[in-house]
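Observations on chain architecture
In case you want the letters, here they are:
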Amino acid sequence: MKPTYHLFERYGVELEYMIVARDDLRVRPVADELIRQACGEFASDVERGPITWSNELVLHVIELKTTDPATSLAGLAPAFQAEIQAMNGMLAPQGAQLMPTSMHPLMDPNTETRLWPHEYNPVYATFDRIFNCRGHGWANVQALHLNLPFAGDEEFGRLHAAIRLVLPILPALAASSPVAEGRFTGWADTRMEYYRNNSRRVPLVAGAVIPEPVFTPQEYRERILAAMYEAIAPLDPEGVVQDEWLNARGTIARFVRDTFEIRVVDIQECPAVDLALLGLVVAVLRGLVSERWSDWRQQKSWDVAPLEAIMLATIRDAERAVIRDSAYLRIFGLDEKSCTAGRLWRHLFEQALASELPAEFGTVLAAVMQHGSLATRIGRALGPAPDRARIAAVYESLCACLQRGVPFGLDPDGSQKS
């Protein structure tokens, strides 16, 4: 029997990283060999105390996740950091290392993609047959996932309502992918631009990324899951991928463990930043669920379209995106006609929530609020027209940040490096 956890009693965290060569940053499809080195076989998971290593769709990506749901986000970063350094120690003799950020800036997925060939390969092969996984939206996306539990119909509805409202501004906080194929793409969160389009062959798989306004498990199963399975059935007659994990919305209900999994967060430069951002997201969700700024009736009233419009703006411009929907701002207690997404996050951090965050998160978040998303800081380091050598140099620095567990482009006191 699965355990029952109420709202914000437990947290499941998943971090995805790409494996690259130390000399030229080419992707290295050796995740299976890394796992075999750790446990002696080509397994899909390796439990290592509080953190588990896991495979992903492609061989150059590895996932680290909490083995069991954690009682707090505080204190998790060192556990993840220790496993990153262990992985890098195993990869070093092969001339490889882990690289952060949510997209490889130089990868050609059409020629460099190799799917995981071991357990679960039939699932991955089916995805490849239907959607063609040799593209950025499948083979070059690394995310930070957060799982939050619910118990019963009301908690399901309150949590889903709150998450739907926060999804549009998550790219403003967490965008880390301004570059692909050796050039600026025009999107601060290029991962999400590709992600929202990667299953267009069956549009109901991702919908508009912002989930439909459904607030009971039964309605969710009927309107989202059943409709999605029916839509993909002609392409999947054996039902290989007709499971709740097929759902590619920005948050998905995982009834197998009674959680919502949030997917609209780019992986950052090190776990200390990842966990700090998640701490702020959880604090905002707590505020919404407790009706601090708006009641549940107001929160449930939002359709997909206005939320999607805000999300598209933050995918493009991150914290610089201008939100002109005053009703949306009032949902978070900000009485302004319009403001940037960065201004909204500063409001949530400085005025409403800073006192609730652990000190280990507050210092990091203060620096991010001052100096911008990782996408902004990467762009600042690259300059206006970087060549491939400059891009490689900056991303080498990001690899060093991951190994050391320090934020990118910020001095220890939080000031911006030149």
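Residues numbered from 1 in each chain as written. Predicted model: local features only at pLDDT ≥ 70, side-chain atom pairs only at ≥ 80, totals over all residues. Heavy atoms only, no water.

Structural notes on the overall build of the chain
Within the chain, the regular secondary structure consists of 17 helices and 12 strands. For the chain, whose C-alpha radius of gyration is 20 Å, the value lies close to the compact-globule estimate of 22 Å for 418 residues. C-alpha atoms of the chain, sized along the principal axes, occupy 55 × 55 × 40 Å. Buried positions account for 59% of the 418 residues belonging to the chain. Pairs at least 24 residues apart make up 73% of the contacts formed inside the chain by residues separated by at least 6 positions. Accessible surface computed for the chain: about 15,800 Å², of which carbon and sulfur atoms make up 49%. (Helix = DSSP H or I, 4+ residues; strand = E, 2+ residues; numbered from the N terminus. Rg over C-alpha atoms; globule rule 2.2 N^0.38 Å. Buried < 20%, exposed > 50% of the residue type's maximum accessible area, 1.4 Å probe, protein only. Contact = heavy atoms within 4.5 Å. Areas by Shrake-Rupley, 256 points an atom, 1.4 Å probe, with all protein chains shown as cover.)

Quick notes on the packing of helix α10 (residues 271–289) against helix α15 (residues 359–371)
The N-to-C vectors of α10 and α15 enclose an angle of 90 degrees; their axes lie 9 Å apart at closest approach. Considered as vectors, α10 and α15 are oriented roughly perpendicular to each other. For the pair α10 and α15, contact is made by A272, V273, L275, A276, L277, G279 and L280 and by F361, V364, L365 and M369, respectively. (Axes fitted to C-alpha atoms, helices over the stretch in contact; angles between N-to-C directions. Parallel < 35°, antiparallel > 145°, perpendicular 65-115°, else oblique.)

Some details on unusual backbone geometry
Backbone geometry follows two general trends: most residues other than glycine have a negative phi, and most peptide bonds adopt the trans configuration. Of note, L25 is a non-glycine position whose phi angle comes to about 65 degrees, a positive value. Looking at the element boundaries, L25 is found in the loop between β1 (12–21) and α1 (31–39). With phi around 75 degrees, V209 is a residue other than glycine that occupies positive phi space. By the element assignment, V209 lies in the loop between α8 (190–195) and α9 (217–232). Its relative accessible area of 1% is what places V209 among the buried residues.

Some points on helix α4 (residues 121–131)
Turning to α4, its buried residues number three or more, namely V123, Y124, T126, F127, I130 and F131. Take α4 and look down its axis: the buried residues cluster within an arc of 155 degrees, on one side only. Turned more than 90 degrees off the buried face of α4, the exposed positions are P122 and R129. Positive phi shows up at N132, right after α4, with a value of about 60 degrees. (Arc of directions from axis to C-beta.)

A short note on helix α16 (residues 374–382)
Because each turn of an α-helix spans 3.6 residues, side chains separated by three or four positions in sequence point in the same direction. With 7 of 9 residues buried, α16 is to be regarded as a mostly interior element. Buried within α16 we find L374, A375, T376, R377, I378, G379 and L382. On the buried face of α16, the contacting elements are β7 (179–180), β8 (183–184), α15 and α17 (388–404). Count one or two residues on from α16 and you reach G383, which has phi positive near 85 degrees.

Looking at the pattern of salt bridges
Tallied over the full model, the rule gives 21 salt bridges. Ionic pairing is found between E154 and R158, a salt bridge with its closest N-O pair at 2.9 Å. Of this pair, E154 and R158 both sit in helix α6 (residues 152–166), 4 residues apart, roughly one helical turn. Measuring nitrogen to oxygen at the nearest pair gives 3.9 Å for the salt bridge that ties R158 to E291. Of this pair, R158 sits in helix α6 while E291 sits in the loop between α10 and α11 (296–300), and the two are 133 residues apart along the sequence. By relative accessible area, E291 is classed as partly exposed at 34%. By sharing partners, the salt bridges in this structure join E14, E244, R254, R257, E261 and R263 into a single network. (Salt bridge = Lys/Arg side-chain N within 4 Å of Asp/Glu carboxyl O.)

Concerning the side chain of N140
For N140, the location among the structural elements is in the loop between α5 (136–139) and β6 (144–149). A relative accessible area of 0% places N140 in the buried class. A polar side-chain atom of N140 sits 2.6 Å from the main-chain amide nitrogen of H104. The contacts of N140, once residues within four sequence positions are left out, are S102, M103, H104, M107 and G135. (Polar contact = N/O pair within 3.5 Å; in protein donor to acceptor, adjacent residues only side chain to side chain.)

Notes on the packing of aromatic side chains
In this structure the tally under the stated criterion is 15 aromatic pairs. When the centroid spacing of 6.4 Å and the interplanar angle of 50 degrees are considered together, the rings of W293 and F332 count as tilted. On the criterion of sequence distance, the pair formed by W293 in the loop between α10 and α11 and F332 in the loop between α13 (326–331) and β12 (339–340) is long-range, its members being 39 residues apart. Three or more aromatic residues joined by ring pairs make a cluster, and in this case those are F150, F156, Y220, F255 and F260. (Phe/Tyr/Trp six-rings, centres within 6.5 Å; stacked < 30°, edge-to-face > 60°.)

Comments concerning the packing of helix α2 (residues 76–91) against α10
Two elements in contact, α2 and α10, have axes separated by 8 Å at closest approach and are oriented at 150 degrees. Accordingly, the angle class assigned to the pair α2 and α10 is roughly antiparallel. In this structure, the crossing between α2 and α10 has a hand that is right-handed. Contacts between α2 and α10 involve L76, A77, F80, Q81 and I84 on the former and, on the latter, P271, A272 and L275. The residue inventory of the contact of α2 with α10, partitioned by class, reads 7 nonpolar, 1 polar and no charged. (Left-handed = near helix turned anticlockwise from the far one by under 90°. Nonpolar A, V, L, I, M, F, W, Y, C, P; charged D, E, K, R; others polar.)

Looking at the side chain of Q81
Residue placement: Q81 occurs in helix α2. Excluding residues that lie within four positions of it along the chain, Q81 makes contacts with C270, P271, L402, Q403, R404 and G405.

Concerning the environment of Q351
Among the structural elements, Q351 can be located in helix α14 (residues 341–353). Residue classification places Q351 among the exposed residues on the basis of a relative accessible area of 54%. Leave out the neighbours within four places in its chain, and Q351 touches R343 and R346.

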